[in-house]
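Take a look at the letters that make up each chain.
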Amino acid sequence: MKTLSLKTAGPFLLLTFIYFIVGFLTTVNGQCQGPLKVAFLSDATTMRNSLTTLVSFAFFLGYLLNSSRTGRMLNQIGYKRTLMRSLIVMVGGLLFYTASAFCAEYVPCEGVAIHGDFVPFGYFVFLVGSFLMGTAAAMLQVVINPYIAAYPLPGTSAVQRMNFTCAVNSFGTTIAPLSATVLLARRGSALHLCAQHYAAVLGVGVVHLLEHQFGGAAAHLAERRLNGGELRVDDG
């Protein structure tokens, strides 16, 4: 009988942690709309609300355009490589967030006029980051859901693993507004608003390191079961 250990549970916990990050950043992206009005759209009048809602539009546009593409990618290169590419896209989105913060701090006067409203370039940089973050979230969800279901964690079933992972994801969406509020209460500038994204980048880096440490037989077995079509809902 297989026993639960850090080596067998490690990859499962890492995937759960990534799912937590997805839920956290999905909510934080929406929380950024208020600060964006101050940081980038303080001079806008007629287009202010429309430009603000484009942040959420860009984020969920990533879901619309890239979910099906991720499914095709899974069939071409496998789950593990797709997971790594998803994390790279997430880091790219976080870097665009950071770049937009620096634009707001150091080049706030550079931008374009839209219907008479001045819009800084940093706003458009943030939109690109928001789209990349939505793309990364969609890719990760497409990869993680079946991977969690197929992962051979001793003493658990696929339904139990999925319920636990989704609960952790919901916990991330729950605490994200509080975390963003605390951060904004301390420092309201766009540069300090992106501090939580630095933390997320570090989290992704930890995931990469631990993935190499814990990527043992259980993770390889899950990969083989997924690629071989051996997934069973009642495993465990």
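Computed from a predicted structure; not experimentally measured. (Residues numbered from 1 in each chain as written. Predicted model: local features only at pLDDT ≥ 70, side-chain atom pairs only at ≥ 80, totals over all residues. Heavy atoms only, no water.)

Structural notes on the overall build of the chain
Across its full length, the chain carries nine helices and two strands. For the chain, the succession of helices and strands along the chain, N to C, is α-α-α-α-β-β-α-α-α-α-α. Sorting the 236 residues of the chain into buried and exposed places 46% on the buried side. Within the chain, contacts between residues separated by at least 24 positions form 83% of all contacts whose residues are at least 6 apart in sequence. Just so you have it, the chain exposes about 11,600 Å², and 65% of that area is on carbon and sulfur atoms. (Helix = DSSP H or I, 4+ residues; strand = E, 2+ residues; numbered from the N terminus. Buried < 20%, exposed > 50% of the residue type's maximum accessible area, 1.4 Å probe, protein only. Contact = heavy atoms within 4.5 Å. Areas by Shrake-Rupley, 256 points an atom, 1.4 Å probe, with all protein chains shown as cover.)

Focus: the pairing of strand β1 (residues 111-114)
As judged from the four bridges shared by β1 and strand β2 (residues 117-120), these two strands associate in the antiparallel manner. Residue pairing across strands places Ile114 opposite Asp117, the latter belonging to β2. Here β1 folds back onto β2, and the loop between the two strands holds two residues, one of which, His115, carries a positive phi near 55°. (Pairing = 2+ DSSP bridges.)

A look at the nonpolar core
One finds Leu83, Met90, Leu140 and Ile144 to be the most contacted residues of the largest nonpolar core, which totals 48 residues. When contributions to this core are tallied by element, the ones reaching two or more residues are α1 (6-31), α3 (48-77), α4 (79-106), α5 (121-150) and α6 (158-186). Tallying contributions element by element places α5 first for this core, with 12 residues. Non-local contacts of Leu83, meaning those with residues more than four positions away in its chain, are made with Leu15, Ile18, Leu140, Val143 and Ile144. (Core = buried A, V, L, I, M, F, W, Y, C linked by side-chain atoms within 4.5 Å.)

A closer look at the side chain of Arg161
Topologically, Arg161 is positioned in helix α6. What makes Arg161 buried here is its relative accessible area of 1%. Within polar-contact distance, the side chain of Arg161 engages the backbone oxygen of Tyr151 at 3.0 Å. (Polar contact = N/O pair within 3.5 Å; in protein donor to acceptor, adjacent residues only side chain to side chain.)

A few points about the packing of α4 against α5
Between two packed helices, the angle of one axis relative to the other and the distance separating the axes together describe the packing. Relative orientation of the contacting elements α4 and α5 amounts to 160°, with a least axis distance of 8 Å. It follows that α4 is roughly antiparallel to α5 by the angle criterion. Between α4 and α5 lies a crossing of left-handed hand. Taken together, the residues of the contact of α4 with α5 break down into 22 nonpolar, nine polar and one charged. (Axes fitted to C-alpha atoms, helices over the stretch in contact; angles between N-to-C directions. Parallel < 35°, antiparallel > 145°, perpendicular 65-115°, else oblique. Left-handed = near helix turned anticlockwise from the far one by under 90°. Nonpolar A, V, L, I, M, F, W, Y, C, P; charged D, E, K, R; others polar.)

Quick notes on the packing of aromatic side chains
Inspection of the entire model under this criterion finds 12 aromatic pairs. Measuring from centroid to centroid gives 5.1 Å for Phe59 and Phe60, while their planes differ by 80°, and the two rings are edge-to-face. A relative accessible area of 2% places Phe59 in the buried class. Since its relative accessible area comes to 47%, Phe60 is described here as partly exposed. Feature note: the residues Phe17, Phe20, Phe24 and Phe171 constitute an aromatic cluster, connected by ring pairs. (Phe/Tyr/Trp six-rings, centres within 6.5 Å; stacked < 30°, edge-to-face > 60°.)

Some words on the packing of α3 against α5
In contact at an axis separation of 7 Å, α3 and α5 are set at 35° when each is read in the N-to-C sense. Judged by the sense of rotation from one axis to the other, the crossing of α3 with α5 is right-handed. When the residues that make up the contact of α3 with α5 are grouped by side-chain class, the tally is 20 nonpolar, 10 polar and no charged.

Some words on unusual backbone geometry
With a phi close to 55°, His115 is a non-glycine residue in the positive phi region. Along the chain, His115 turns up in the loop between β1 and β2.

Quick look at the environment of Ala39
The residue Ala39 is located in helix α2 (residues 33-39) in this model. Sequence spacing of Ala39 and Ala104 is 65 residues, and the spatial spacing of their C-alpha atoms is 6.4 Å.

Points about the confidence of the model for the chain
For the chain, the mean per-residue pLDDT works out to 76, and 74% of the residues sit at or above 70. In the predicted structure, residues 230-236 sits below a pLDDT of 50 and forms 16 contacts with residues beyond four places in sequence or in another chain. (pLDDT = per-residue confidence, 0-100.)

Side note on the environment of Leu65
Mapped onto the fold, Leu65 is located in helix α3. With 70 residues separating them in the primary sequence, Leu65 and Thr135 have C-alpha atoms 8.0 Å apart.

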